[in-house]
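So the chains spell out like this:
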Amino acid sequence: MNSLLKIPARDARLGMFVHDIDRSWWAHDFLRTRFLIEDDETLDKIRQLGRSEIVIDLTRGIDLDRLAPTAAEPEAEPEAKPAVPASPPAPVDNRPPWAIVTPTSFENELTAARKLHARARGLIRETMREARLGGIGDLPEVATLAEEMVSSVMRNAGALVSLIGLKSKDDYTFMHSVAVGTLMIALGRQAGLSPEAMRAAGLAGLLHDVGKASVPDAVLNKPGKLTEAEFSTIKLHPAEGHRLLIEAGHHDAASLDVVRHHHERLDGTGYPDGLAGAQISTLARVAAIADVYDAVSSERVYHRAQPPTAVLRMLMKNVGTHFDDALVRVFVKCVGIYPTGCLVRLESQRLAVVGEQHASNALTPRVRVFFSLKSQAHLPVREIDLARSDDRIASYEDPRTWGFDLSRY
Ligand SMILES: [Fe+2]
C-alpha cells in the first residue's frame, strides 16, 4: 500500500505528518517540508496554502479518513467496513523535555528571558575568551543554552527578542552573538521549524562569529575606517571559526555551515567561498539577515546605531542580490517594523516605547505611552494596544535626541 497521500492543504489536520508541500519552498513560510502538524499555529499556516496540495505520510501521522470518515463516504455499507475509531489516535509525543512548554504572556516571560539573557552574556563571553586562548571549552553548555532560548521563544515569541538591543559598545562582540542566536530561533519559529531545528539554528547563531576570537581587538574595535589589510584580517573569521569548531570536536553540520557561510551573499559577492544562489543553505541565509540586522542597528565603537526602520529598508533594498526575499519577509513579521523597545511618536503627539508585537500586523504593536509633546511633560505610564486604538505610530524617534532612559518603561 502506498503510504503517501496527496490532499488539499485546506484539509490538513493536527496529527498529520507532512511529507511534501507542493509549492516552491520560497512561496510559503515553511523552511522544511517534512514535519508533524502538532500545533494550531502550524495547522493554520498549512491551511492558508488553500488549494495547493500537500503530501502526507500515513506511516508517520494520521490520515484523512480517520478524522472524517463519514464526510468522505456517507452511504458506504457500514457492516463491510472495519469499525472507525471515534477520535484519532493521539500522535506520539517525541518532543524533548525542553520543547514541552506552556505558552505565556509577554510580561510573564520577560522575567525568565532577562535571566536567560544575562546567563547567555556570561557564557558566550567565556566561550569567546576560551577561543581566544586557543580552544573552545564547554560547547555542550552552549547547546543547553540554545535549548533554553528555544523554550523561551516557544513560551512567548517576543520576550527574548525584545532584549537584543541591550548591549554596550564594550560587550558588543558577544552580545551580538546572543542577538543573532535569538533572532534565528525567532525566525525559525515564525517559519514553522521544529524545536530541534530551532535549537540547531540558535546554536549556530550563538557560535556564528566565534572566529572573531582570532582577530586582534585593535582591528575589531578600530574607531576609524579599516585599511585593506585590516579588512582582509576580519574576512578570515568565518573560515577561522569553522576551523576552531572542528578542532574542538564540534561537528554539528548546521553550526559549521553557518559559521563558515554567514557572510556569503546570493549574488556571489560574499566571502569566504564566494557561494551564490542555491549554493547557500537556508540557515546560512537566515544567519546573514539576523547578523546584518543586529550589526547595523547596534551602537558599536566604529558605528552609530541606525534606526530599525532604516535597517529593514536596507535589507529589503538588497533582497535578491544579498538577502533571500521570502526570509526577509518572515523576518520583518518577527521583529516588527517598530521593534520592541524602540521609541516612537504617536499621531496624538505622545512618545511611547514599543512593547509586544501584534501577531499579524507589524504596524500595530502594544506601546507604553509616557510623554506628551504638546505639554512637554511626562504622563503617567499607560499601555495602549494600537490594534484596538485610533492612535497610530507616526514615526520612529531616536532616543539619543530625547535623552530618555527607555529601560524605565
Ligand atoms: Fe561574522
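In case you missed it, the structure is sitting above this.
Once that is clear, we can look at the sheet that holds strand S8 (residues 377–385). In any sheet, the strands associate via hydrogen bonds between backbone groups, in a parallel or an antiparallel arrangement. Taking strand neighbours across the sheet as the criterion, the five strands line up as S8-S7-S6-S5-S9 in an open arrangement whose pairing is antiparallel. Of all the strands in the sheet, just S8 and strand S9 (393–397) have a single pairing partner and so form its edges. In this sheet, neighbouring strand axes are inclined to one another by 30° on average, regardless of whether the strands run parallel or antiparallel. Strand direction decides the pairing type here: strand S7 (residues 366–372) and S8, joined by six bridges, are antiparallel. Counted as the bridge partner of Ser372 is Ala377 from S8.

Relative to the helices and strands, Gln357 resides in the loop between strand S6 (350–354) and S7. Accessibility expressed as a C-beta count within 10 Å gives 24 for Gln357, which makes it buried. Taking C-alpha positions, Gln357 is 8.6 Å from Tyr338, a pair spaced 19 residues apart along the chain. Leaving out residues up to four positions away in the same chain, Gln357 has contacts with Gly158, Gly336, Thr340 and Pro365.

Only one face of strand S4 (residues 53–57) is buried, namely the one carrying Ile54 and Ile56, since none of Glu53, Val55 and Asp57 on the opposite face is buried. With five bridges joining them, strand S1 (residues 4–8) and S4 adopt antiparallel strand pairing. Bridging across to S4, Leu4 finds its partner in Asp57. Where strand S2 (residues 17–21) and S4 come together, three bridges link them in antiparallel fashion. Residue Val18 lies in a different strand from S4, and its bridge partner there is Ile56.

The next point concerns the packing of helix H12 (residues 282–297) against helix H14 (residues 325–335). Close contact between H12 and H14 brings their axes to 10 Å; oriented N to C, the two are set at 50°. In terms of orientation, H12 and H14 fall into the oblique class. The crossing of H12 and H14 is right-handed. Contacts from Arg285, Val286 and Ile289 of H12 reach H14 at Leu327, Val328 and Phe331. By residue class, the composition of the contact of H12 with H14 is five nonpolar, no polar and one charged.

Grouped together as the largest cluster of nonpolar side chains are 83 residues, with contacts concentrated most on Leu183, Met184, Leu187, Ala201, Ala204, Ala287 and Ile289. With 11 residues, the single largest contributor to this core is helix H6 (residues 172–190). Shared between two domains, this core takes at least three residues from each, and those domains are domain 2 (104–335) and domain 3 (343–408). Ala287 has contacts with Val180, Met184, Ala204, Gly205, His208, Val258 and His262, leaving out every residue within four places of it along the chain. Ranked by size, the runner-up nonpolar core spans 14 residues in total, among them Ala9, Val18, Leu36 and Ile37.

This part covers unusual backbone geometry. With omega at 10°, the peptide bond leading from Tyr271 into Pro272 counts as cis. Within the secondary structure, Pro272 is located in the loop between helix H11 (253–261) and H12. The phi dihedral of Gln376 is positive, around 50°, even though this residue is not glycine. With respect to the secondary-structure elements, Gln376 resides in the loop between S7 and S8.

Rules of the game
Residues numbered from 1 in each chain as written. Predicted model: local features only at pLDDT ≥ 70, side-chain atom pairs only at ≥ 80, totals over all residues. Pairing = 2+ DSSP bridges. Helix = DSSP H or I, 4+ residues; strand = E, 2+ residues; numbered from the N terminus. Axes fitted to C-alpha atoms, helices over the stretch in contact; angles between N-to-C directions. Buried ≥ 20, exposed ≤ 12 C-beta atoms within 10 Å, placed from the backbone. Contact = placed C-beta atoms within 7 Å. Parallel < 35°, antiparallel > 145°, perpendicular 65-115°, else oblique. Left-handed = near helix turned anticlockwise from the far one by under 90°. Nonpolar A, V, L, I, M, F, W, Y, C, P; charged D, E, K, R; others polar. Core = buried A, V, L, I, M, F, W, Y, C linked by C-beta atoms within 7 Å. Domains from an automatic or database assignment.

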